[in-house]
Amino acid sequence: MALVGDNGAGKSTLMKVFAGAHIAEEGRFFLDGNEVTIGNPQDATALGIQIVYQDLALCENLDVAANLSLGAEPVKPGWGFIPRILRPLDDLQMEVTAKKAIDSLEVRTLQSVRAKVGGLSGGQRQAIAIARAVGAKSSVVMLDEPTAALGVAQTRQVLEVVKRLRDTNHAVVYISHNMRDIFEVSDRICVLRHGGNVATFTTAETDPDEIVAAMTRGLDGAKTAA
């Protein structure tokens, strides 16, 4: 599902609420038909909700494998007599996990999971950030302006990754101002305006003019444009 709206409509704030970074003051959350509670990022992670922020939050001095395991690094077995934080990292397991996540999204432009992130292109970095969300055993992945700072070729690469993410049975929430991208990857389009949900359209049954009208004038504007 694409989430669209003018600047200040509440898109990023809503995503942060879903991710547990902000606490909702009202409303209810349902996942797979069951009501759930999201009070912090740990709650969101436990529910399989992952967010890929626009700044990606990658460590350029680390390689791909280390970035994909960041914060959840595996440790070598047999060191139970010392605290986990002091145990040596299992580099082989990190590499296996990284390759599995990259292969699941069919990222063909990445030569090695041992490549330093600082030397990769914008499209490759975005793919790594998405792969990290997939590797975290997620069921819902939210992407905040994933192609905003990318060129044509890199944008195409990211859109193909998003499509494969959808095809692997992940629920994808895609935030973007690019109408062409939205209509290419989404099944539904939810329009926010002044912090409220104006309407949700089926992508195949609407057009960019109707979406823009809903963003700028609300549902009445969308009906007029239609």
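Residues numbered from 1 in each chain as written. Predicted model: local features only at pLDDT ≥ 70, side-chain atom pairs only at ≥ 80, totals over all residues. Heavy atoms only, no water.

1. Some details on the pattern of salt bridges
Thought 1: One pass over the full model with this rule turns up 11 salt bridges.
Thought 2: Residue Lys163 pairs with Glu184 through a salt bridge whose shortest N-O separation is 2.7 Å. Taken together, the positions of Lys163 in helix α6 (residues 152–167) and Glu184 in helix α7 (residues 179–185) put the pair 21 residues apart, joining distant regions of the chain.
Thought 3: With its nearest N and O atoms 3.9 Å apart, the salt bridge here joins Asp187 to Arg166. Linking Asp187 in the loop between α7 and β7 (188–193) with Arg166 in helix α6, this pair joins segments that are 21 residues apart in sequence. (Salt bridge = Lys/Arg side-chain N within 4 Å of Asp/Glu carboxyl O. Helix = DSSP H or I, 4+ residues; strand = E, 2+ residues; numbered from the N terminus.)

2. Description of the side chain of Arg164
Thought 1: You can see Arg164 is positioned in helix α6.
Thought 2: Beyond its immediate chain neighbours, meaning those up to four positions away, Arg164 contacts Leu105, Glu106 and Arg108. (Contact = heavy atoms within 4.5 Å.)

3. Some details on the environment of Ser112
Thought 1: Its place among the elements puts Ser112 in the loop between α4 (91–104) and α5 (122–135).
Thought 2: Given the relative accessible area of 33%, Ser112 is considered partly exposed.
Thought 3: A distance of 3.0 Å separates the side chain of Ser112 from the backbone nitrogen of Arg114, its partner in a polar contact. (Buried < 20%, exposed > 50% of the residue type's maximum accessible area, 1.4 Å probe, protein only. Polar contact = N/O pair within 3.5 Å; in protein donor to acceptor, adjacent residues only side chain to side chain.)

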